[in-house]
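Remarks on the overall topology
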Amino acid sequence: MISYTKKPHDREYRLIFKNIDREGWDPSIETYMSDGGYDDLKKAIAMAPKDITEEVKKSGLRGRGGAGFPTGIKWTFIPPNNTKPVYLICNGDESEPGTFKDRYILHQDPHQLIEGMVISCFATGAHKAYIYLREEFPEAALIVEKAIEDARAKNFVGDNVLGSGFDLEIYVHRGAGAYICGEETGLIESLEGKRPYPRIKPPYFPAALGLYMCPTIVNNVESLCHVKHIVRMGGEEYSKLGVARNTGTRILCVSGDVKKPGYFEVEVGKVTMRELIYDMCGGPKDGREIKAVIPGGSSSKILRAEEVFKIKGPDGSEKDLAFWDIPMDFDSLAACGSMAGSGGVIVIDDSRKMSWVLNNINSFYAHESCGQCTPCREGSTWMKKISDRLVDGKATAKDIETLESVAYQIDGRTICAFGEASSWPVEAIIAKFRDELLEDTVEEDTEKPLNPEAVAQRKFLVSQ
């Protein structure tokens, strides 16, 4: 029987987080191997690489980094006639506000990640792999580097892994703390030592033209950990976890205005919004009511607590789905106009002013824009300036209209999804809380010049 320093909730299904906060557990290879660690690698190394990929495809595993793209299908995008080296990159940047799951794996169970990576490299034919960590994870970098060396000493990494003839080197690369490096092509540019400007897709799909213009698979920390469990369980057995098209487990990181925030690993789609917030997180703080939830990290669109959504079924029929009854899976949240994203569930109660929430998000994205695309570089900054005025009590109703207009002019007009990440929260908050935002505006002063600085400078143009 496994015991924990923080007891899991009864609704949890611990798979990836089986060893997180486990009593008597440490990140050493000895502890990991005493619990069956690397047994799945021994099984995988005796399989044909294509058979591992088939099992991952059968499992229905979707990427846990944000986009939710099927992992096994992504692996098959490597060109069949490829003669270049293949690389695998583990995206450990985890910079989406509201998300804090990967850090626990890196700190407490690094060998689970390494085992998943070695299996994934064997399946995809990659002989070099990189773990890209954000600069804010200095301890994780040290822990993972030691774990790699310990795995090398046991012949799980390095030349001729377990006598199979398969060679693999894994390197840790620390980024400089930029949100844009969570985007896979921006990450690749950073890994090559360049400014992390995302690449245009097409043609630069990483599976065809990735690191050093070679085929590259980029997967999230949590996604790669699932691979070892798929090998152990088999793809079909794994697919029985969760619900159709949303299989397996996923880790939800709940923060904000609840009594018991934290991480929860659940079967995908088996927990509703109400069950997550009230049963697992203890509900709102005393005397408060839930106003809204951002369900997949700060870039996902906000959902109001009293909303009812029109959902289309597989047969084309429509049904009503109340906010509290939304299953926490990829497809249900997308049907409600938001997304599951990286699993960062941010809860907002009625003590929060939406103008403050909006400005908080805008400040982050204005700071993190890489600056490559003009709509994003200029637009994110202007959105922050307008919401600054809003929280300072200096904005007018026209400013809300301008803010909305700027957001829609960013949306869909940038090289990478950062444009949408910055504009979607603005679009959703204005659409759903316009009346509340207008309460924080002031009457327009028609006597006051729109640009006082220009008026002051213009006096020098007037003849004395």
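Structure's up top.
Residues numbered from 1 in each chain as written. Predicted model: local features only at pLDDT ≥ 70, side-chain atom pairs only at ≥ 80, totals over all residues. Heavy atoms only, no water.

Quick notes on the pattern of salt bridges
Tallied over the full model, the rule gives 46 salt bridges. A salt bridge links Arg232 to Asp40; the shortest N-O distance between them is 3.9 Å. One end of the pair, Arg232, is in helix 9 (residues 221-233); the other, Asp40, is in helix 2 (residues 39-44), with 192 residues separating them in the sequence. For Arg232, a relative accessible area of 39% puts it in the partly exposed group. Its salt-bridge partner being Lys301, residue Glu427 comes within 3.8 Å of it at the nearest N-O pair. Here the residue Glu427 occupies a position in helix 16 (residues 418-439), and Lys301 occupies one in the loop between strand 9 (290-294) and strand 10 (303-304), the gap between them amounting to 126 residues. What emerges from the salt-bridge pattern is a single network uniting Asp40, Glu115, Lys228 and Arg232. (Salt bridge = Lys/Arg side-chain N within 4 Å of Asp/Glu carboxyl O. Helix = DSSP H or I, 4+ residues; strand = E, 2+ residues; numbered from the N terminus. Buried < 20%, exposed > 50% of the residue type's maximum accessible area, 1.4 Å probe, protein only.)

Structural notes on the environment of Val442
Topologically, Val442 is positioned in the loop between helix 16 and helix 17 (452-458). Residue classification places Val442 among the partly exposed residues on the basis of a relative accessible area of 36%. Along the sequence, Val442 and Ala395 sit 47 residues apart, while their C-alpha atoms lie 6.1 Å from each other. Sequence-distant contacts of Val442, defined by excluding residues within four places in its chain, comprise Gly393, Lys394, Ala395, Thr396 and Ala397. (Contact = heavy atoms within 4.5 Å.)

What to know about the side chain of Asn362
Of note, Asn362 is situated in helix 13 (residues 354-368). Engagement of the side chain of Asn362 in a polar contact is seen with the backbone oxygen of Met383, the distance being 3.3 Å. A distance of 3.2 Å separates a polar atom in the side chain of Asn362 from a polar atom in the side chain of Ser387. Residues within four places of Asn362 in sequence aside, it is in contact with Ser380, Met383, Lys384, Ser387, Leu403 and Val426. (Polar contact = N/O pair within 3.5 Å; in protein donor to acceptor, adjacent residues only side chain to side chain.)

Some words on helix 14 (residues 374-391)
The periodicity of an α-helix, 3.6 residues per turn, causes residues three or four places apart in sequence to face the same way. With 18 residues, helix 14 extends 26 Å from end C-alpha to end C-alpha; this agrees with the ideal 26 Å at 1.5 Å per step. Within helix 14 the residues assigned to the buried category are Cys376, Gly379, Ser380, Met383, Ile386, Ser387 and Leu390. End-on, the buried residues of helix 14 take up no more than an arc of 130 degrees, which puts them together on one face. As for helix 14, its buried residues are in contact with helix 13, helix 15 (397-410) and helix 16. At the C-terminal side of helix 14, Gly393 shows a positive phi close to 75 degrees. (Expected span 1.5 Å × (residues − 1). Arc of directions from axis to C-beta.)

Considering the pairing of strand 9
Counting buried residues in strand 9 gives five out of five residues, a clear majority hidden from the surface. Summarising the sheet, strand 9 and strand 13 (residues 344-349) pair through four bridges and their orientation is antiparallel. In the strand pairing of strand 13, Ile294 is matched with Ile346. Direction of pairing for strand 9 relative to strand 10: antiparallel, over a ladder of two bridges. (Pairing = 2+ DSSP bridges.)

Details of the nonpolar core
Ranked by internal contacts, the top residues of the largest apolar core, which has 61 residues, are Tyr38, Leu88, Leu113, Ile114, Met117, Ile131 and Ile170. Among the elements that line this core, the one with the most residues is helix 6 (residues 110-124), at eight residues. If we ignore the near neighbours within four places in the chain, the residues touching Leu88 are Met117, Ser120, Cys121, Thr124, Ala126, Lys128, Ala129, Tyr130, Ile217 and Leu224. Counting residues in hydrophobic clusters, the runner-up holds 43 residues, among them Ile89, Ile386, Leu390 and Leu437. (Core = buried A, V, L, I, M, F, W, Y, C linked by side-chain atoms within 4.5 Å.)

Observations concerning helix 7 (residues 138-153)
Taking 1.5 Å of rise per residue, 16 residues should cover 22 Å, and helix 7 covers 23 Å from first to last C-alpha, within 8% of that figure. Along helix 7, the residues classified as buried are Ala140, Ala141, Val144, Ala147, Ile148 and Ala151. The arc that holds every buried residue of helix 7, seen down its axis, measures 130 degrees, which confines them to one face. Away from the buried face of helix 7 by more than 90 degrees, exposed residues Leu142, Lys146 and Ala153 are located. One or two positions beyond helix 7, positive phi appears at Asn155, with a value near 70 degrees.

Remarks on the state of the cysteines
All told, the structure shown has zero disulfides when counted by the stated rule. Note on Cys90: no disulfide assigned, nearest cysteine sulfur contributed by Cys225 at a separation of 7.7 Å. Note on Cys90: relative accessible area 0%, which makes it buried. Cys416 forms no disulfide, and the closest cysteine sulfur to it belongs to Cys370, at a distance of 6.2 Å. Residue classification places Cys416 among the buried residues on the basis of a relative accessible area of 12%. (Disulfide = S-S within 2.5 Å.)

Points about the sheet that holds strand 4 (residues 216-220)
The parallel open sheet is built from four strands, whose spatial order is 3-2-1-4. Strands at the two margins of the open sheet, each flanked by one partner only, are strand 3 (169-174) and strand 4. Taken over all neighbouring pairs, the strand axes of this sheet differ in orientation by 20 degrees on average, direction set aside. Across six bridges, strand 2 (residues 128-133) lies against strand 3 in parallel orientation. What sits directly across from Tyr130, in strand 3, is Tyr171. (Axes fitted to C-alpha atoms, helices over the stretch in contact; angles between N-to-C directions.)

Brief notes about unusual backbone geometry
Geometrically, the link from Lys201 to Pro202 is a cis peptide bond, its omega value of -10 degrees lying close to zero. Of note, the amide linkage connecting Pro202 to Pro203 takes the cis form, showing an omega dihedral of 10 degrees. Along the polypeptide, Pro203 turns up in the loop between helix 8 (184-191) and strand 4. Phi at Asp21 takes a positive value of approximately 60 degrees, unusual for a residue other than glycine. With respect to the element layout, Asp21 can be found in the segment before helix 1 (29-34).

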